[in-house]
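The primary structure of each chain is shown beneath.
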Amino acid sequence: MSAPDNIVSPLAAPVSSVWGVGGERARLLARLDIFTIEDLLLHKPRRYEDRRKFLPIRELKFKEAATVRGKIVAAGIKRFRRGARSMFECVFDDGSASLHCRWWQLQAWMPDWYAVGREFLIYGKLDDEKKPRTFTHPETELFEPGDDEFVHVNRIVPIHPLTEGLTARVMRTLVWRALEKFEGQMGEPEWCRSQGSGSRVQVQGGDAPALLKPSASNLQPSALFPSRANAVHMIHFPEELTDVEIARQRLALDEFVELQTQIQLRRRKFEASAKALPCGGDNHLMKPFLAQLGFKLTAAQTKVLREIRADMSGLHPMRRLLQGDVGSGKTAVAAVAALMALESGFNVALMSPTEILAEQHFRNFTKWFEPLGVKVVLQTGSRKEVEGSRVQGSGKARIAGPSTLFIGTHALLTGGFDMAKLGLVIIDEQHKFGVTQRETLVRKGNYPHLLVMTATPIPRTLGLTLYGDLDVSVIDELPGGRGAIKTFVRATDKLPKVFDFIHEKIAAGRQAYIVYPRVEADESDKEIKAVKMEFANVRKALAPFNVGLLHGRVKAAEKEAVMADFRANKIQALVATSLIEVGVDVPNASVMLIENAEHFGLAQLHQLRGRIGRGAHASFCILISDARDAEAQSRLKILEETTDGFKVAEADLRLRGPGELLGQQQSGSMKLRFGNLAEDLNLIRQARELARQSLLLDFPRTGVS
Ligand code: ADP
Ligand code: MG
């Protein structure tokens, strides 16, 4: 992340302006993405070493690192007869005992530097069992009377991320020098300056250059923050280890405020330029739709629809994220939202990430909307245009009349159809798409309303950052009358029993999904099971019942046929890859078996599990895994313990980081050095408020949420 504008000048200087950084070191630093002074100052230590423990030499213990202070009483080069091996050794004495220090790489300056009579601070660990007491390659620092500033010893020292050819000591020295020279020129970012007195966040020292010794002893995290300069100092050279977290929070806050400022500016710009199409509707389609739906909307669905209607009849185009756990009934919400726009005379586009899901939506929406006189058109990669059940010629469709719902996959992005009257874009399972794809689709129209839906519950931290430019609605209730889902983790040797169990369930009238990580067996890793290989085994195990096969390489028409048979219970078990992860809705299916479960992410497993528990029957999710490592085991255990998608998502975020959780789209835009998306919800909230206040000073206006 780059620095706020106002502090760029001195810190943007190349890192070579630090004394001791020549061409070679600059090249090494570049490997660590350190190009400027600021990059160096924000190079976050990986860990710290407490070198304050001071001992008389006589009290040194094996295996315990400590610092001693001693005078050199003897020094010299030792050469060994065989080979050219030589060693520099000197003997320190502190009055309690003597200590031998050895360096195997003799450097030309050593004999002069380690001269008899000089006094040093020495940090190291006793070599085991050696007599006399010996340190090999200790860190030392010359002690001169009156000198109380040490970089490498007698303090908590930082160990930074390093690269080959750059030692911790060199890195520490460079950071120290950069701090000495530039710390005083490090100002506060804009948001800080604009802080009024009544603000919840106060910065110690305010604008004053922070040459003062940093101290955090009387600071409360997030109530009183150190100045930015102090924080940078503290993150490298803390007085106490507790300072580190305080400093990190301050620096993370700066990152989050910058991010929030960008998000809010983008939003303002959008609202200033985009005028909303009136899509609130008049209920003339919705009333008959709800009457024939067959169930009553839950209170959560109704609440969310109220929010959506307010948006769609408001001044600015809707930008809303609809979150609802798997099975919470987002499709029905999408349908009602679509009707609002259709009633208002606009077209609607609904994009889903897989063909299977697009087909499913197409079938449902056709059934629901055709009686209302709304045209439903399907456009996927393999099927150019389908309208109702009639296939039209490919190419640009001439759609007459306003009330058309387009359903499709990515093909909607490239499809040459007329979206002039596009009033609403709905994106299902948003986490499968990138932000740019979302934007492309929205730009097709004249600022249509946008509703993105996701069943991967997005932890609140991400909701406020990655999705910060969207308003959020949550369906926080599942429709009633659902059977509970039980989840079990089992080892492979239990498989025969598990298949007996599935056989039993099928015999009782239910259906099952059986999921493998791969399509084809991989020669290099025979442990990971593949659908094609296992298909025959499953058929045998579940005979005489019918088993279908579904994966990405099955042709579209066949996929459709298999899904149709499964829905009609002509097929009782479906062997598949994670292709069926999103959206598939077959309420009679009550068993989900996932082999090699450790190969899936937590969020993904939760999605897969969401395929069952959709009917009134008790459902069972069985995760097969022989993974022995503790992390894999504890991940799977989370699923055994909870069916709450939010808990699963938060655990996933902690374990794997945001990029993994949200797939392709993330990573790029957000390089946080100090901020932690898994932990910093409070900071993010503060940052949002701070960015808002600071923007209000710059552009006073009202009515911005
Ligand atoms: P998701 O939120 O995962 O997309 P779906 O929209 O596929 O969930 O809905 C899951 C199932 O719940 C569907 O079979 C749907 O018909 C049903 N459903 C949705 N809303 C309700 C409701 N209010 N009452 C009863 N069943 C509902
Ligand atoms: Mg869905």
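Just above, that's the structure.
Residues numbered from 1 in each chain as written. Chains lettered and ligands numbered in written order. Predicted model: local features only at pLDDT ≥ 70, side-chain atom pairs only at ≥ 80, totals over all residues. Heavy atoms only, no water.

## Things to note about the overall build of the protein
The helix and strand inventory of the protein stands at 22 helices and 25 strands. Here the protein holds 705 residues, and the buried ones make up 54% of them. Contacts in the protein between residues far apart in sequence, at least 24 positions, make up 74% of those at least 6 positions apart. Summing over all exposed atoms, the protein offers an accessible surface of approximately 31,400 Å²; the carbon and sulfur share of this is 52%. (Helix = DSSP H or I, 4+ residues; strand = E, 2+ residues; numbered from the N terminus. Buried < 20%, exposed > 50% of the residue type's maximum accessible area, 1.4 Å probe, protein only. Contact = heavy atoms within 4.5 Å. Areas by Shrake-Rupley, 256 points an atom, 1.4 Å probe, with all protein chains shown as cover.)

## Observations regarding the site of ligand 1
The local shell around ligand 1 holds 16 residues, among which Gly 327, Lys 330, Thr 331, Arg 482 and Asp 585 are the closest. Within the backbone of Lys 296, a nitrogen or oxygen atom sits 2.8 Å from a nitrogen atom of ligand 1. Between ligand 1 and the protein, one listed contact pairs an oxygen atom with a side-chain N or O atom of Arg 614 at 3.0 Å. Protein contact buries 85% of the 570 Å² of open area that ligand 1 shows by itself. (Near = heavy atom within 4 Å. Polar contact = N/O pair within 3.5 Å; in protein donor to acceptor, adjacent residues only side chain to side chain.)

## So, the nonpolar core
One recurring pattern in soluble globular proteins: nonpolar side chains tend to sit buried together. Of all hydrophobic cores here, the largest spans 67 residues; its most connected members are Leu 29, Leu 40, Leu 41 and Leu 253. Considering every element that reaches this core, the biggest residue donor is helix 8 (residues 241-273), with 8 residues. Once you skip the residues sitting within four places of it in the chain, Leu 41 turns out to touch Leu 11, Val 175, Ala 178, Leu 179, Phe 182, Met 186, Val 232 and His 236. (Core = buried A, V, L, I, M, F, W, Y, C linked by side-chain atoms within 4.5 Å.)

## A look at the packing of aromatic side chains
Taken as a whole and judged by the stated rule, the model has 16 aromatic pairs. Each ring, one from Trp 109 and one from Tyr 114, has its centre 6.4 Å from the other, and the planes form 40°; the classification is tilted. Judged by its relative accessible area of 4%, Tyr 114 falls in the buried class. The interplanar angle of 85° and the centroid separation of 5.3 Å between the aromatic rings of Phe 365 and Phe 369 together place this pair among those described as edge-to-face. With Phe 365 and Phe 369 both in helix 12 (residues 355-369) and 4 residues apart, this pair spans about one turn of that helix. Like Phe 365, the residue Phe 369 is buried in the burial classification. Through a chain of ring-to-ring contacts, the aromatic side chains of Phe 88, Phe 92, Trp 103, Trp 109, Trp 113, Tyr 114 and Phe 120 assemble into a single cluster. Over the ring of Phe 346 we find Lys 421; its NZ or CZ atom is 5.7 Å from the centre of that ring. (Phe/Tyr/Trp six-rings, centres within 6.5 Å; stacked < 30°, edge-to-face > 60°. Lys NZ or Arg CZ within 6 Å of the ring centre and 35° of its normal.)

## A look at the pattern of salt bridges
A complete count under the given rule lists 28 salt bridges for this structure. Residue Glu 240 is joined to Arg 52 by a salt bridge in which the shortest nitrogen-to-oxygen separation is 3.5 Å. Of this pair, Glu 240 sits in the loop between helix 7 (228-236) and helix 8 while Arg 52 sits in the loop between strand 1 (47-50) and strand 2 (66-79), and the two are 188 residues apart along the sequence. With a relative accessible area of 42%, Glu 240 lands in the partly exposed category. According to the relative accessible area criterion, Arg 52 is partly exposed, its value standing at 31%. Taking the shortest distance from any N to any O, the salt bridge between Arg 248 and Asp 680 comes out at 3.0 Å. Separated by 432 residues along the polypeptide, Arg 248 in helix 8 and Asp 680 in the loop between helix 21 (645-662) and helix 22 (681-698) bring together distant segments of the chain. Among the ionic contacts, a cluster of salt bridges with common partners joins Arg 47, Glu 49, Arg 51, Glu 139, Arg 169 and Arg 172. (Salt bridge = Lys/Arg side-chain N within 4 Å of Asp/Glu carboxyl O.)

## Considering the side chain of His 100
Mapped onto the elements, His 100 comes out in strand 4 (residues 98-103). Of the residues examined, His 100 reaches a relative accessible area of 17% and is grouped as buried. If near-sequence neighbours (up to four positions away) are discounted, His 100 is found in contact with Glu 89, Cys 90, Val 91, Pro 132, Arg 133, Thr 134 and Phe 135.

## Observations regarding the sheet that holds strand 2
Strands in a sheet are paired, the pairing made by backbone hydrogen bonds, and the direction either parallel or antiparallel. Strand order in the open sheet formed by 6 strands is 6-4-3-2-5-7, and the pairing between neighbours is mixed. The open sheet is flanked by strand 6 (134-136) and strand 7 (139-142), the only strands paired with a single partner. With strand direction ignored, the average angle separating the axes of adjacent strands in the sheet is 40°. (Pairing = 2+ DSSP bridges. Axes fitted to C-alpha atoms, helices over the stretch in contact; angles between N-to-C directions.)

## Regarding the sheet that holds strand 23 (residues 573-576)
One open sheet holds the 6 strands; their spatial order is 20-25-24-21-23-22, and the pairing between them is parallel. With partners counted over all chains shown, the strands left at the sheet margins are strand 20 (485-490) and strand 22 (547-550), one partner each. Within this sheet the neighbouring strands show an average axis-to-axis angle of 15°, counted without direction. Note: strand 21 (residues 511-515) against strand 24 (residues 589-594), 5 bridges, orientation parallel. Counted as the bridge partner of Tyr 513 is Met 592 from strand 24. In this fold helix 17 (residues 531-542) packs onto strand 21, strand 22 and strand 23, with an angle of close to 170° to the strand it touches most, strand 22.

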